Amino acid sequence: MKNFDVIIIGAGPAGLGSAYNLAKKGIKVLVIEERQLGKTDKTWLTFLSVLKKYNLEENIVNRIDTLTFRSYLGGVYHLDGEITATIDEKKALKNLASQAVSNGAKINTRESFVNYKYLQGIIAINTSKETYGAKLMIDAMGAESHILGSLGFSNPKVNMGCYACEVQGLKIPDRHKVIIYDSFFPGNDYFWVVPQTNARAIVGIFSFKTLNQITLVTAKRRLQKYMEVNKLNGRIVGIKKGNIPLGPQKYCSAERIISIGDSANTALPSSGFSFAACLKDSEILADFAEEYLDNKKEISEYKADLLSTKLPGIEIHCLISDLVVNFTDPLLNKAIAGMEGQNKKFIQQFLTGDDMGIGFTTQAVKSILSIFNFNEIKRRQFSINNPAR
């Protein structure tokens, strides 16, 4: 049996980010990925600051200078500033993998995780090709992972279903402007248009329902109508679809197992921005794993470490998710229109998650109360599951 300090299951942003940050510390790491490298179904836009930090700027496809939020009832807000970019996610993941390998990590592709069992002092991991031993296993398999669930740990969540088309042959007047949130039709789903060039864009729909065979039919129909009305018809050259689990990271560890990314709910309820969030979380994971392997920390302390930089602001993100899920169209319009009066830096902080301390949380509460009256908030019957509990 081949032995490693840490074995990571999954080579998406969370898994590869973890491999890179662990390997930099001299930790012996193996990554198991059932597909080829570069496969991800929900990365299309991320933050420049993270790309710079991880030397991924060469994978930028298009730099964005304006994010637009709008409602069919007239509310509109433009967030100006070059803080985001579209990326070639396949190249970015391969680049990240290359950096991990250059620091000593080993990555096995086209090898499927089968099961695991506990042995004396290690966890034995069976794959389609081999049996490995590790002191720690990292679950980075994403939203479909059942590892924690099989142990009786279930994270409360709301699935955000996503269906998107990569469309070629468009005439985009300004490729540096993104429609990030467009409540174009009545209902609580919304659309977005992320240009890659002046002729190509990813056009998608988010719905606060699990995407399955039934809801997919509705999502396709509504997206097609949106594209027709907005003259975004072209040749579809790619499809992205899946579910983003929103909610608190209530459970994220078990004996010799820790999870990251969608395996324990999306790191932040910021949908397409989770590429950056997963890389940030991988830094926390690596610091924890180093101390765990040195017997300086217990597995139960991982959750506190993971949330340490997010409290109390993560509560606001959970609240906003709950708000959006339950919004009526007039309240959504009011929220978007109300963004105009808010501090630009605060809105950027909400999107990036760079600062979720007391100052951010206080500003967020003030902003919510400046837009909505108490009765409007009370009628929504918001519920937050404290991720720290």
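Use the structure listed above.
Residues numbered from 1 in each chain as written. Predicted model: local features only at pLDDT ≥ 70, side-chain atom pairs only at ≥ 80, totals over all residues. Heavy atoms only, no water.

K.L.:
Where do I start with the overall build of the chain in this structure?
P.N.:
Helices and strands together make up the secondary structure of the chain, namely 12 helices and 16 strands. For 389 residues, the compact-globule estimate of 2.2 N^0.38 gives 21 Å, and the chain sits close to it at 21 Å. Projected onto its principal axes, the C-alpha positions of the chain cover 65 × 45 × 40 Å. Residue burial in the chain is summarised as follows: out of 389 residues, 57% are buried. Contacts in the chain between residues at least 24 apart in sequence constitute 74% of all its contacts with a sequence separation of at least 6. For the chain, the accessible surface area stands at approximately 16,900 Å², while carbon and sulfur atoms represent 49% of it. (Helix = DSSP H or I, 4+ residues; strand = E, 2+ residues; numbered from the N terminus. Rg over C-alpha atoms; globule rule 2.2 N^0.38 Å. Buried < 20%, exposed > 50% of the residue type's maximum accessible area, 1.4 Å probe, protein only. Contact = heavy atoms within 4.5 Å. Areas by Shrake-Rupley, 256 points an atom, 1.4 Å probe, with all protein chains shown as cover.)

K.L.:
Is there a simple way to think about the pattern of salt bridges in this case?
P.N.:
Close approach of charged atoms allows side chains with opposite charge to pair. This model, assessed by the stated rule, comprises 16 salt bridges. As a salt-bridge pair, Glu 57 and Arg 63 come within 3.7 Å of each other at their nearest N and O atoms. Given a relative accessible area of 32%, Arg 63 falls into the partly exposed group. (Salt bridge = Lys/Arg side-chain N within 4 Å of Asp/Glu carboxyl O.)

K.L.:
Which parts of the structure should I look at to understand the nonpolar core?
P.N.:
Looking at soluble globular proteins, one finds that nonpolar side chains tend to be buried together. Membership of the largest hydrophobic core comes to 89 residues, with the highest contact counts inside it found for Ile 8, Leu 22, Leu 67 and Trp 192. Considering every element that reaches this core, the biggest residue donor is helix α6 (residues 274-293), with 10 residues. If we ignore the near neighbours within four places in the chain, the residues touching Leu 22 are Val 6, Ile 8, Ile 27, Val 29, Ile 138, Leu 285, Ala 286 and Ala 289. Counting 19 residues, the second largest nonpolar core, distinct from the first, contains Ala 201, Ile 205, Leu 216 and Ala 219. (Core = buried A, V, L, I, M, F, W, Y, C linked by side-chain atoms within 4.5 Å.)

K.L.:
Whenever I open this one, helix α5 (residues 213-229) confuses me. Can you help?
P.N.:
An α-helical turn contains 3.6 residues, so any two residues separated by three or four positions project in the same direction. In a regular helix each residue adds 1.5 Å, so 17 residues correspond to 24 Å; α5 covers 25 Å between its end C-alpha atoms and thus fits that length. Among the residues making up α5, those that are buried are Leu 216, Ala 219, Leu 223, Tyr 226 and Met 227. Here the buried residues of α5 occupy an arc of 95° about the axis, which is enough to place them on one side. Across from the buried face of α5, at angles greater than 90 degrees, the exposed residues are Ile 214 and Val 217. The secondary structure elements touched by the buried residues of α5 are β4 (60-71), β10 (158-168), β11 (177-183), β12 (190-195), β13 (200-207) and β14 (235-246). One or two positions beyond α5, positive phi appears at Lys 231, with a value near 55°. (Expected span 1.5 Å × (residues − 1). Arc of directions from axis to C-beta.)

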